[in-house]
Amino acid sequence: MAADARVDDLIDAAVNELHEIGHFRYLHKIYDEPLSFLQKEPYVSFLQGCRAVVLGVMTLGGEVDKAVKRHARADMERAVVLSAAASAYLEHLSDTYEQRFGEQRTYRFCPGYGGSSVTDLPRLFAAVRPEKIGVTLSPSCFILPEKSMAGIVGVGKTAQKSCDGCIVQPHCVFRKEGNRCYSSAKK
């Protein structure tokens, strides 16, 4: 699908719909030391030099999932755009929320990233108890609602997202095009 006025209209409609139906919630707990499940790689390297660890779960709520499914029955193009916009919106709102943890903080590292396993999610969920905000975990470690995520932020050092150590690096489409999958002053 080429970028044109029609696509811009789809994106604008998705953003407007998200403002109406998305209900951002973020639940977190701060620990002075990493919990036992974080005392292995890649978490040890990620959190090295941090004085505290934030475990967080964030969501846009179930209404977004319902809207994506509803649109998929009638207009798949609109559903795809809404889903992509919701993912970006959740990332943005989470990044903004995490500013409260101070200037010296890492980016959000989620179980399943960079050599870690989604099987660590049950321990993160047990610590944070995100059912209070309507987020649950399936037996296969699938987070529900779908437009939700769980992550770890280190406090006391600054860490920027980088391509170094990324498991997708050898096959990364963005790097082949001279780009990055994250915003950065450096390319």
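Everything below is about the structure shown above.
Residues numbered from 1 in each chain as written. Predicted model: local features only at pLDDT ≥ 70, side-chain atom pairs only at ≥ 80, totals over all residues. Heavy atoms only, no water.

Caption draft 1: Focus on the sheet that holds strand 5 (residues 148-155). Strand order in the open sheet formed by 3 strands is 1-2-5, and the pairing between neighbours is antiparallel. Two strands bound the open sheet, and with one partner strand each, they are strand 1 (25-31) and strand 5. Between one strand and the next, the sheet's axes are offset by a mean angle of 15 degrees, whatever the strand orientation. Against the sheet, helix 4 (residues 76-97) engages strand 1, strand 2 (52-59) and strand 5, with an angle of about 30 degrees to strand 5. Across the face of the sheet, helix 5 (residues 121-128) comes into contact with strand 1, strand 2 and strand 5 while running at roughly 95 degrees to strand 2. (Pairing = 2+ DSSP bridges. Helix = DSSP H or I, 4+ residues; strand = E, 2+ residues; numbered from the N terminus. Axes fitted to C-alpha atoms, helices over the stretch in contact; angles between N-to-C directions. Contact = heavy atoms within 4.5 Å.)

Caption draft 2: Just the side chain of Asp 65, in detail. You can see Asp 65 is positioned in helix 3 (residues 62-74). Among buried charged residues, Asp 65 stands out as having no salt bridge; its nearest opposite-charge side chain is Lys 69, 5.2 Å away. A distance of 2.5 Å separates the side chain of Asp 65 from the backbone nitrogen of Glu 146, its partner in a polar contact. (Buried < 20%, exposed > 50% of the residue type's maximum accessible area, 1.4 Å probe, protein only. Lys, Arg positive; Asp, Glu negative; His and termini not counted. Salt bridge = Lys/Arg side-chain N within 4 Å of Asp/Glu carboxyl O. Polar contact = N/O pair within 3.5 Å; in protein donor to acceptor, adjacent residues only side chain to side chain.)

Caption draft 3: Broad picture of the nonpolar core. Within the largest apolar cluster, 24 residues are counted, with the highest numbers of intra-cluster contacts made by Leu 18, Leu 60, Val 64, Leu 82 and Phe 101. Going through the elements one at a time, helix 1 (5-21), strand 2, helix 3, helix 4 and strand 5 are the ones with two or more residues in this core. Sorting elements by how many residues they give to this core places helix 4 first, with 8 residues. Ranked by size, the runner-up nonpolar core spans 21 residues in total, among them Leu 47, Val 53, Phe 109 and Leu 124. (Core = buried A, V, L, I, M, F, W, Y, C linked by side-chain atoms within 4.5 Å.)

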